[in-house]
Amino acid sequence: MASLFLELWQAYLWPLILIILKIVAIVVPLLVAVAYLTYAERKVIAAMQMRKGPNVVGPFGLLQPIADGFKLFLKETILPTASNKVVYLIAPMLTFFLALVAWAVIPFDEGIVLADINVGVLYLFAISSLGVYGIIMAGWASNSKYAFLGGLRSAAQMVSYEVSIGFVLISILLTVGSLNLSDVVMAQKKMWFILPHLPLFFIFLISGLAETNRSPFDLPEAEAELVAGYNVEYSAMPFALFFLGEYANMILMSAMTSILFLGGWLPPFNLAMLAWIPGPIWFALKIAFVLFIFLWVRATFPRYRYDQLMRLGWKVFLPFSLAWLVITAGVLQFTGLVPK
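All of the points below concern the structure found in this document. (Residues numbered from 1 in each chain as written. Predicted model: local features only at pLDDT ≥ 70, side-chain atom pairs only at ≥ 80, totals over all residues. Heavy atoms only, no water.)

**Points about empty space enclosed by the protein**
- Applying the stated criterion to the full structure yields three cavities of 30 Å³ or more.
- Quantified by volume, the largest cavity comes out at close to 290 Å³.
- As for the largest cavity, its lining consists of 21 residues, of which Ser128, Gly131, Met158, Glu211 and Asn249 are closest to the centre.
- Where the lining of the largest cavity is concerned, the elements lending two or more residues are helix 3 (85-101), helix 4 (120-141) and helix 9 (236-261).
- If you tally residues by element for the lining of the largest cavity, the top one is helix 9, at seven residues.
- As a volume, the second largest cavity reaches approximately 50 Å³.
- Lining the second largest cavity are Leu124, Phe125, Ser128, Ile165, Leu169, Glu211, Met253 and Met256.
- Those elements that place two or more of their residues in the lining of the second largest cavity are helix 4, helix 5 (145-176) and helix 9.
- Counting residues per element, the lining of the second largest cavity draws most heavily on helix 4, at three residues. (1 Å grid on protein atoms, 1.4 Å probe; cavity = no way out; pocket = protein on both sides within 12 Å on 5 of 7 lines; lining within 4 Å. Points joined across faces, edges and corners; volume = space filled by probe spheres on them. Helix = DSSP H or I, 4+ residues; strand = E, 2+ residues; numbered from the N terminus.)

**Brief notes about the packing of aromatic side chains**
- Evaluated as defined, the whole model comprises 15 aromatic pairs.
- For the pair tyrosine 88 and tyrosine 234, a centre-to-centre distance of 4.2 Å together with 5° between the ring planes defines the contact as stacked. Highlighted residues: tyrosine 88 in helix 3 and tyrosine 234 in the loop between helix 8 (223-226) and helix 9, separated in sequence by 146 residues. With respect to burial, tyrosine 88 and tyrosine 234 carry one shared label: buried. (Phe/Tyr/Trp six-rings, centres within 6.5 Å; stacked < 30°, edge-to-face > 60°. Buried < 20%, exposed > 50% of the residue type's maximum accessible area, 1.4 Å probe, protein only.)

**Quick word on the pattern of salt bridges**
- Under the definition given, this model contains six salt bridges.
- Residues arginine 42 and aspartate 68 are paired through a salt bridge, measuring 2.9 Å at the closest nitrogen-oxygen approach. Here aspartate 68 lies in helix 2 (residues 64-74) and arginine 42 lies in helix 1 (residues 2-48), a separation of 26 residues in the sequence.
- Among the salt bridges present, the one from glutamate 246 reaches arginine 214, with a minimum N-O distance of 3.6 Å. With glutamate 246 in helix 9 and arginine 214 in the loop between helix 7 (198-211) and helix 8, this residue pair connects regions lying 32 residues apart in the sequence.
- Look at arginine 214 and you get buried, because its relative accessible area is 3%.
- One salt-bridge network, in which partners are shared between bridges, spans Glu41, Arg214, Glu246 and Arg298. (Salt bridge = Lys/Arg side-chain N within 4 Å of Asp/Glu carboxyl O.)

**Side note on the layout of surface pockets**
- Taken as a whole, the second largest pocket holds about 410 Å³ of empty space.
- Put simply, the parts of the chain that give the lining of the second largest pocket at least two residues each are helix 1 and helix 10 (279-300).
- For the lining of the second largest pocket, the class distribution of residues is 19 nonpolar, no polar and no charged. (Nonpolar A, V, L, I, M, F, W, Y, C, P; charged D, E, K, R; others polar.)

**With respect to the side chain of threonine 257**
- Residue placement: threonine 257 occurs in helix 9.
- Threonine 257 gets classed as buried once you look at its relative accessible area, which sits at 2%.
- A polar side-chain atom of threonine 257 sits 2.7 Å from the main-chain carbonyl oxygen of methionine 253.
- Apart from residues lying up to four places away in sequence, threonine 257 is in contact with Phe201, Phe204, Leu205, Leu262 and Val290. (Polar contact = N/O pair within 3.5 Å; in protein donor to acceptor, adjacent residues only side chain to side chain. Contact = heavy atoms within 4.5 Å.)

**Overview of unusual backbone geometry**
- A positive phi is found at methionine 50, a non-glycine position, where the angle reads about 60°.
- Secondary-structure assignment places methionine 50 in the loop between helix 1 and helix 2.

**Examining the packing of helix 4 against helix 5**
- For the pair helix 4 and helix 5, interaxial distance at closest approach is 8 Å and the crossing angle is 175°. It follows that helix 4 is roughly antiparallel to helix 5 by the angle criterion. Of the residues in helix 5, those touching helix 4 at Val121, Phe125, Ser128, Ser129, Gly131, Val132, Ile135, Ile136, Gly139 and Trp140 are Ala147, Phe148, Gly151, Ser154, Ala155, Met158, Glu162, Ile165, Gly166, Leu169 and Leu173.
- Tallied by class, the residues present in the contact of helix 4 with helix 5 amount to 13 nonpolar, seven polar and one charged. (Axes fitted to C-alpha atoms, helices over the stretch in contact; angles between N-to-C directions. Parallel < 35°, antiparallel > 145°, perpendicular 65-115°, else oblique.)

**Observations concerning the environment of proline 54**
- If you trace the backbone, proline 54 turns up in the loop between helix 1 and helix 2.
- Here proline 54 falls in the buried class, since its relative accessible area comes to 9%.
- Distance from proline 54 to threonine 328, taken between C-alpha atoms, is 47 Å for residues 274 residues apart in sequence.
- Excluding its chain neighbours within four sequence positions, the residues that come into contact with proline 54 are Tyr39, Arg42, Lys43, Phe60, Gly61 and Gln64.

**Quick look at helix 11 (residues 306-334)**
- The terminal C-alpha atoms of helix 11, which comprises 29 residues, lie 41 Å apart, in line with the 42 Å expected from a rise of 1.5 Å per residue.
- Of all the bends found along helix 11, the most pronounced is centred on phenylalanine 317 and spans about 35°, while proline 319, a proline, follows it within four residues.
- Along helix 11, the residues classified as buried are Leu309, Met310, Leu312, Gly313, Phe317, Leu318, Ser321, Trp324, Leu325, Thr328 and Leu332.
- Packed against the buried residues of helix 11 are helix 5 and helix 7. (Expected span 1.5 Å × (residues − 1). Bend = angle between axes of the 7 residues up to and from the residue.)

**Considerations on a nonpolar patch on the surface**
- Taken together, the side chains of Leu8, Tyr12, Leu13, Trp14, Ile17, Leu18 and Leu21 make up a nonpolar region of the molecular surface, amounting to roughly 650 Å² of accessible area.
- The exposure class assigned to leucine 13 is partly exposed, which follows from its relative accessible area of 35%. (Patch = residues over 30% accessible without salt bridge, like charges linked within 9 Å, V, L, I, M, F, W, Y side chains within 5 Å. Areas by Shrake-Rupley, 256 points an atom, 1.4 Å probe, with all protein chains shown as cover.)

Encoded structure:
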């Protein structure tokens, strides 16, 4: 009996416990980062507008995200009378769940990744595409014209900019010759991809703003004409799940930008004098840099009109990213630099 239990422990139980511990080690810091990203956003925008920002709850306002979380947790969840209650409650859960599961393939350092699969980029692209469903479900199930219009806007916007993101990813993958995200990082040992693919970096960054419904592309949540968009009927924890999902997606897009263009966990210029700093620290610093750009853009740029948003995606980014893909393939072929 003891030997049978030992075999079960070694074959099934211990690997399962190890995976659960790894998941907790990713999810808990991510949730803390999401909470304090809201604090950082309010502080950064306040500084740019010459205000103080949160400064009452705790020293320097550091406990403000915890207070906001308690407020949302303790509020009553209101279900609209004519809504489809099952779909209404599933939508924010789906959005939040998809924002978390995408982190399974993100490498934090060499060998430090939950699932080091050979199709990591394809997995990320599939997960980001599924995010549209949660928003459409929320807009439809609320039984509100405002929420429905916001859901349609958001779906059209996300689908439009995913096309450009797809071509950007293919250009990077042609350069690397692998769909594995760790291979993408290791291919940047000599030179980060932001240098040879600089225009793609800006396209990916701007498309990331549109994909996460961030300013100046926050048309689905335009307060002036749509009140709040697809989540207008949500309150308390369902609203908090949408909120957490949006900010988790911001961190995810920043992580993808760091991996694809900024060398992931590699130090700048691969300098030996900086090798003593752990890879995850470099990765976190690069994510923080890209997140600062997200916040900076929100404080600086006015919102686009919807026709301008669609024109930028379909008439500028799509043709340019497709042309760059063809140029990349041609250069790799004729210079003999095609990855084996």
